[in-house]
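Listed below are the residues making up each chain.
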Amino acid sequence: MGIRQRIFQKENLERYLQKDSQFERTLSAFDLIALGIGAVIGTGIFILPGTVAATKAGPGIIVSFIIAAIVCAVAAMCYAEFASVIPVAGSAYSYGNIVYGEMIGWIIGWALVLEYVLAVAAVAVGWAAYFNSFIAGFGLKLPKAITGSFDPAHGTYVNLVAIIIVCLIAWIIDEGLKTSVRLNNIIVVLKLAIIVIFLLVGAFYVKPTNWTPFAPFGVSGIFHGAAVVFFAYLGFDAVSSSAAEVKNAKKNMPIGIIGTLVICTIFYILVSVVLTGMVSYKLLNVDDAVTFALQLVHQNFVAGIVSLGALAGMFTMMVTTIYSSSRLLYSIGRDGLLPSFLGKIDRHHAPKHAMVTVTIVISILGGFVPLGQLANLVNIGTLIAFAFVSFGILLLRRNPKLNKIQGFRVPFYPVLPIVSGVLCVFMMTQLSLETWVASLIWFVLGLLIYFGYGVHHSRMNQD
């Protein structure tokens, strides 16, 4: 078989279903929504509304969240159709292998690796910062050397808390999916309750004058803000990684994906409205905007509760994303594009090797590497996957074998999938040049790995 034929060879759905049958189907629609909310409502709701309002959108951050939600909503419907028709592990990576062919599937998978790994590392660093602030309230302080990335000039060598929290979550997931999902569900309910407390208390301190001017940075500022707050919605796509472990996936996957997005959008908009109404947007360029706003109105006790909510929010985000990234790495290993040991399932029906590998990589990034602008790479990785999934619906419907499978259908076909793909491309144009350059380096590395290793070890090419 020639190289051209090999890289565009399409995967067989039956083979995926047979391979993934080793997983136990234990997740319900409620579990999926809780996993989704756990991933989506994390750092974003406590930090991004403030910083983006102060630097890009002003009170127009409310519209920025709506724009980002619209982009996500149409993409979510495309994900829901794929997850309903192709209920296998690996999310967009596996979908790409089936409808586009192996090389495009690899590019999507490589984009998702970028999204998941960097997202968890960035949030682990944020969690460590909140934790250090929290214990400081009790007069406790860790040695400076273990509170930051490797930067001897500033006296920091390792972010030990970030490493510990990543390893703890990986251990909880590895102990059993049922246990970790139950814990996640409890913390999600607690987190939402804390956000509701902020909304109820903060509403009494809203001053409509703080919403004027509504768009101090112009319409372009609102769109730039939408491209940044898009980061806050990351996670609903991670739900689709769990398809191989979901009961009645055809029904429950669409409910989980779309339900997650609807609930999270409502909370993001409400928090943005209350936050920018409580405090002038000019003052919100701080790392803990929600807590800061409550302290300004002398609600220190509620601010303390919200800090716990931030820790809970980031914790559940890491649970879902570490879980999803291990399933993604398992899927790529299952197909031979990365070392095959990653595609092994242990006696507890879990991809233990993939989990250990993901944990090590994230721990190194979160513990030693200054992330900085790298967090923006999460957005471009996600948008690339969203675009391929959106346009992929056109190919899915043209495949007679797949199109006859009954499941969720994107409405207004083919208009909505095309609109979704175009919106994703537009959002990518709003990202910085530095982000594009860094992502180009990442994908060149990915192609070198694929052509140097993956194409020669691919299970499809060995059959």
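Only a predicted model underlies this, so the values are computations on that prediction, with no experimental measurement involved. (Residues numbered from 1 in each chain as written. Predicted model: local features only at pLDDT ≥ 70, side-chain atom pairs only at ≥ 80, totals over all residues. Heavy atoms only, no water.)

Considerations on empty space enclosed by the protein
Cut-off, in case you're wondering: Cavities and pockets were defined on a 1 Å grid built over protein atoms only: a cavity is a set of grid points that admits a 1.4 Å probe from which the probe cannot escape, a pocket is an open set flanked by protein on both sides within 12 Å along at least five of seven lines, and lining residues are those with an atom within 4 Å of any such point. Grid points are joined across faces, edges and corners, and a volume is the space filled by probe spheres set on the points. The numbering of helices and of strands both runs from the N terminus, where a helix is a DSSP run of H or I of at least 4 residues and a strand a run of E of at least 2. Here the term charged refers only to Asp, Glu, Lys and Arg, the term nonpolar to Ala, Val, Leu, Ile, Met, Phe, Trp, Tyr, Cys and Pro, and the term polar to all other amino acids, Gly among them.
Taken as a whole, this structure holds 3 cavities of 30 Å³ or more when the rule is applied. Looking at the second largest cavity, its volume works out to about 50 Å³. If you trace the second largest cavity, you find it lined by A39, E115, Y116, A119, L234, G235, A238, M317 and T321. Within the residue set of the lining of the second largest cavity, elements represented by two or more residues are α7 (102-136) and α13 (300-334). Split into classes, the residues belonging to the lining of the second largest cavity amount to 6 nonpolar, 2 polar and 1 charged.

A few points about helix α3 (residues 29-40)
An α-helical segment advances 3.6 residues per turn. Residues three or four places apart therefore align on the same side. Definition in use: One fewer than the residue count of a helix, multiplied by 1.5 Å, yields its expected span. In this scheme, a residue with accessible area under 20% of its type's maximum is buried, one over 50% is exposed, and one in between is partly exposed, where area comes from a 1.4 Å probe on protein chains only.
In this model, α3 (12 residues) spans 16 Å end to end at C-alpha, consistent with the 16 Å of a helix rising 1.5 Å per residue. Buried within α3 are the following residues: A29, D31, L32, I33, A34, L35, G36, I37, G38, A39 and V40.

Looking at the packing of aromatic side chains
Quick reminder of the rule: Pairing of aromatic side chains here covers Phe, Tyr and the six-membered ring of Trp, requires ring centres within 6.5 Å, and sorts the geometry by plane angle: under 30 degrees stacked, over 60 edge-to-face, intermediate tilted.
Scanning the entire structure with this criterion turns up 12 aromatic pairs. Here the aromatic rings of F65 and Y268 are separated by 5.0 Å at their centres, their planes lie at 10°, and the arrangement is stacked. Of the two residues, F65 sits in helix α5 (residues 61-85) while Y268 sits in helix α11 (residues 249-278), which places them 203 residues apart along the sequence. Each ring, one from F223 and one from F426, has its centre 5.8 Å from the other, and the planes form 90°; the classification is edge-to-face. One end of the pair, F223, is in helix α10 (residues 218-229); the other, F426, is in helix α17 (residues 415-429), with 203 residues separating them in the sequence. Three or more aromatic residues joined by ring pairs make a cluster, and in this case those are W106, W110, W442, Y450 and F451.

Some remarks on the layout of surface pockets
Empty space within the second largest pocket amounts to approximately 360 Å³. Around the second largest pocket, the lining is made up of 20 residues, and of these W110, V113, V117, V361 and W442 lie nearest the centre. Residue assignment for the lining of the second largest pocket shows that the elements contributing at least two residues are α7, α13, α14 (352-368) and α18 (433-457). Ranked by residues supplied to the lining of the second largest pocket, first place goes to α7 with 6 residues. Of the residues in the lining of the second largest pocket, the class split is 18 nonpolar, 2 polar and no charged.

Details of the pattern of salt bridges
For the record, the criterion: What counts as a salt bridge is simple: a side-chain nitrogen of Lys or Arg found within 4 Å of a carboxyl oxygen of Asp or Glu.
According to the stated counting rule, one finds 4 salt bridges in the structure shown. Notably, a salt bridge pairs R327 with E245, separated by 3.1 Å at the nearest N-O pair. Residue R327 is located in helix α13, and its partner E245 is located in the loop between α10 and α11; the two are separated by 82 residues in the primary sequence. Note on accessibility: R327 and E245 belong to one class, buried. Measuring nitrogen to oxygen at the nearest pair gives 3.2 Å for the salt bridge that ties D335 to R334. Residue class for D335 comes out buried when judged on its relative accessible area of 5%. With relative accessibility at 4%, the residue R334 sits in the buried group.

Side note on the environment of P87
Note the threshold: Contacts were defined at the residue level, with two residues in contact if any of their heavy atoms lie within 4.5 Å.
Considering the arrangement of structural elements, one finds P87 in the loop between α5 and α6 (92-99). Distance from P87 to N248, taken between C-alpha atoms, is 9.4 Å for residues 161 residues apart in sequence. Not counting chain neighbours up to four residues away, the residues in contact with P87 comprise L17, R25, A243, A244 and A249.

Some remarks on the packing of α7 against α13
Stated formally: Axis definition: a line fit to C-alpha positions, over the contact stretch in the case of helices; interaxial angles, taken between N-to-C directions, run 0 to 180 degrees. Each angle receives one of four descriptions, namely roughly parallel if under 35 degrees, roughly antiparallel if over 145, roughly perpendicular if within 65 to 115, and oblique otherwise. For any helix crossing, the convention is left-handed if the near helix is rotated counterclockwise from the far helix by under a right angle, and right-handed if that rotation is clockwise.
Where α7 meets α13, the axes come as close as 9 Å, and the angle between the chain directions of the two elements is 155°. Taken together, α7 and α13 sit at an angle that is classed as roughly antiparallel. The interaxial crossing formed by α7 with α13 has left-handed handedness. The residue makeup of the contact of α7 with α13, split by class, is 22 nonpolar, 6 polar and no charged.

What about the nonpolar core?
Worth spelling out the cut-off: Take the buried Ala, Val, Leu, Ile, Met, Phe, Trp, Tyr and Cys residues and link them wherever side-chain atoms come within 4.5 Å; each set so joined is a nonpolar core.
Core analysis: the largest hydrophobic core is formed by 164 residues, its most contacted members being F198, F236, M318 and I322. Looking at which element gives the most residues to this core, the answer is α7, with 21 residues. With residues up to four places along the chain from it excluded, the contact list for F236 reads V40, C72, A75, A76, Y79, I257, T260, L261 and F386.

A closer look at the environment of V279
Examined against the element boundaries, V279 turns out to sit in the loop between α11 and α12 (289-296). Looking at V279, the relative accessible area reads 3%, which means it is buried. Along the sequence, V279 and I62 sit 217 residues apart, while their C-alpha atoms lie 14 Å from each other. Excluding its chain neighbours within four sequence positions, the residues that come into contact with V279 are N210, L284, F292, A293 and L296.

Remarks on the side chain of N184
Along the polypeptide, N184 turns up in helix α9 (residues 177-202). Excluding residues within four positions of it along the chain, N184 makes contact with A34, L35, G38, T316, V319 and T320.

Focus: α14
Across its 17 residues, α14 extends 24 Å between first and last C-alpha, which sits within 8% of the 24 Å expected from 1.5 Å per residue. Those residues of α14 lying buried are A354, M355, V358, T359, I362, S363, L365, G366 and G367. On its buried side, α14 packs onto α7, α8 (160-175) and α13.

Some remarks on unusual backbone geometry
The peptide bond linking T212 to P213 adopts the cis configuration, its omega dihedral lying at -5°. Counting through the fold element by element, P213 comes out in the loop between α9 and α10. The omega torsion across Y413 and P414 is 0°, close enough to zero to call that bond cis. With respect to the secondary-structure elements, P414 resides in the loop between α16 (400-403) and α17. With a phi close to 65°, H298 is a non-glycine residue in the positive phi region. Along the chain, H298 falls in the loop between α12 and α13. The phi dihedral of F412 falls on the positive side, at around 55°, and the residue is not glycine.

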